[in-house]
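# Summary of the model geometry
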Amino acid sequence: MTDQPANNIIVIIGGGAAGMMAAIIAARKGAQVILLEKMNKPGRKLSITGKGRCNITNTDSLREFLTHIDPDPNFLFNIFSRFFSKDIIDFFQQLGINTIEERGGRIFPENVSAMEIVNTLVKEMQRLGVKIILGAPVKQIICTNRNIKGVRLENGTFIQSHKIILATGGSSYPATGSTGDGYKLAAELGHHIRTPVPALVPIDVAGRVAPTLRGLTLKNIKATVYNNGKIIADEFGEMLFTHFGLSGPIILSLSRKLNRIDFKNNKVDISLDLKPALDEKTLDHRLLRDFTQHGKMQAKTILKGLLPSSLIPVCLDLLQIEAKKPAHQITAEERKKLRLWLKDFRFQITGIRGFKEAIITSGGVSTLEINPKTLESKLVSGLFFAGEIIDLDADTGGYNLQIAFSTGWIAGESAAIQNVDE
Ligand SMILES: Cc1cc2nc3c(=O)[nH]c(=O)nc-3n(C[C@H](O)[C@H](O)[C@H](O)COP(=O)(O)OP(=O)(O)OC[C@H]3O[C@@H](n4cnc5c(N)ncnc54)[C@H](O)[C@@H]3O)c2cc1C
């Protein structure tokens, strides 16, 4: 397929955030680059990131940034020391895209969409002469004696190359093209794959209460997850009830601690503290004051000062307090039940949702088998990894794309400057 000496060619498998960045940097370093993308457009997942706005990175310090990453954040220390948040902001600025900082240090492009980020990367690849082949799923990486020889596409075409960057992403949102192919390709070459599981994903809970409340968003609450009675994680912020369970920002974050739990053999609960700013004593004073001051008001009316209206019938039903009971008739025992419930509205977690709904994948190619300075495989010479295929996953907030861009940059540079024996 190519008439160039294979040693000068870098084949990149996957045209997502990591693959496109790797292509640009390798081409800027003078390499001849072929990008193979299985879909008919590159960057399909990138184009829907950040609700279509693309949260590129985060302004956290390097030390803080690493606390948002699992399971081996230190693997990224060297990489981030060479290409980090300021570098990606400068990179896009040089390509004409300014950025703005929003809540929680999240960086977004200013006035342009995620689609425009994709278009900008594609234009830069075209300017640099990267050969982009679309509708080209790679089926196999050919390797002899631990040296890369080329790739075979699903249609049988062989492309010769001694350097490959594997950037096929994870398994989440498979409709975007990320269907986990890279795990198989890497495993065939001897790499260990930590079992991929959905991450940043909604959760299923038992019972009819959550579906009854579907569509209700709760803000400024604290959610705590218990495994067999032991706290394993907590988060403060916003969540949402759905027809199957719970979703929203803090639930997605908590899901990262849930995705390797055996729900059949463990009792896993989530407790919602609806009044995290009030300790039990202060909350009790507040209830007593309200019930005394507005003694004639019915229970369902007085609760409007404490709860969103769709939650009131659910609360009264769960606590078996009559909706029309005047506040002055609410007993001390009922007030105690209400106080405890407001601080501990509990659900049993029965599982997490699947890859279709997961923002990212946890698991992937073991970092123990990748050189943290070059991103080259320690097992196969000429094979490099970039992006979500590597066993690294992070919270929401721009951390995952920074991982993809930084590893793409370093893999592109390392592949371009490396000499391989043919
Ligand atoms: C809805 C949603 C919103 C998100 N928002 C954000 C956000 O705002 N900020 C953030 O930091 N992260 C966000 N993420 C996560 C982020 O999108 C990913 O971490 C990032 O895209 C990973 O980049 P990647 O290049 O490694 O993989 P991908 O972007 O998944 O790209 C992999 C590419 O490889 C191609 N491919 C797969 N197999 C083959 C094959 N066999 N042959 C050829 N090509 C192949 C795929 O088609 C795909 O184009 C979001 C994810 C989702 C699903």
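Preceding block: the structure.
Quick summary incoming for the structure in this document. (Residues numbered from 1 in each chain as written. Predicted model: local features only at pLDDT ≥ 70, side-chain atom pairs only at ≥ 80, totals over all residues. Heavy atoms only, no water.)

### A few points about the pairing of strand 2 (residues 32-36)
Note the threshold: The cut-offs for exposure are 20% and 50% of the maximum accessible area for each residue type, with area from a 1.4 Å probe on protein chains only; residues under the lower value are buried, those over the upper are exposed, and the others partly exposed. Only DSSP runs of H or I covering at least 4 residues are called helices, and only runs of E covering at least 2 are called strands; the numbering of each starts at the N terminus. Strand pairing follows a simple DSSP-based rule, namely that at least 2 bridges must link the two strands. Crossover handedness is defined here as right-handed if the route from the first strand over the helix to the second strand goes clockwise, with the strands pointing away from the viewer.
Among the five residues of strand 2, four are classified as buried, and the element is accordingly described as predominantly covered. Bridge count for strand 1 (residues 9-13) against strand 2 is five bridges, and the pairing is parallel. From the neighbouring strand, I9 faces strand 2, where its bridge partner is Q32. Crossover strand 1 to strand 2 through helix 1 (residues 17-28) is right-handed. In the sheet, strand 2 pairs with strand 7 (residues 131-133) via three bridges, with the strands oriented parallel. Bridge pairing in strand 7 links I34 to K131.

### Quick notes on the environment of K264
Mapped onto the elements, K264 comes out in the loop between helix 9 (249-255) and strand 17 (268-273). Between the C-alpha atoms of K264 and K300, which are 36 residues apart in sequence, the distance is 37 Å.

### Here we look at the pattern of salt bridges
Selection rule: Salt bridges are counted wherever a side-chain nitrogen of Lys or Arg sits within 4 Å of a carboxyl oxygen of Asp or Glu.
According to the stated counting rule, one finds 25 salt bridges in the structure shown. Between K86 and D90 there is a salt bridge whose closest N-O contact spans 2.9 Å. Here K86 and its partner D90 are both found in helix 5 (residues 85-94), four residues apart, which amounts to about one turn of the helix. Here D269 ties to K267 by a salt bridge, and the two come within 2.6 Å at their closest N and O atoms. Classification of D269 as buried rests on a relative accessible area of 8%. Classification of K267 by relative accessible area gives partly exposed; the value is 48%. Among the ionic contacts, a cluster of salt bridges with common partners joins D70, R256, K257, D393 and D395.

The analysis is restricted to geometry; functional conclusions fall outside its scope.
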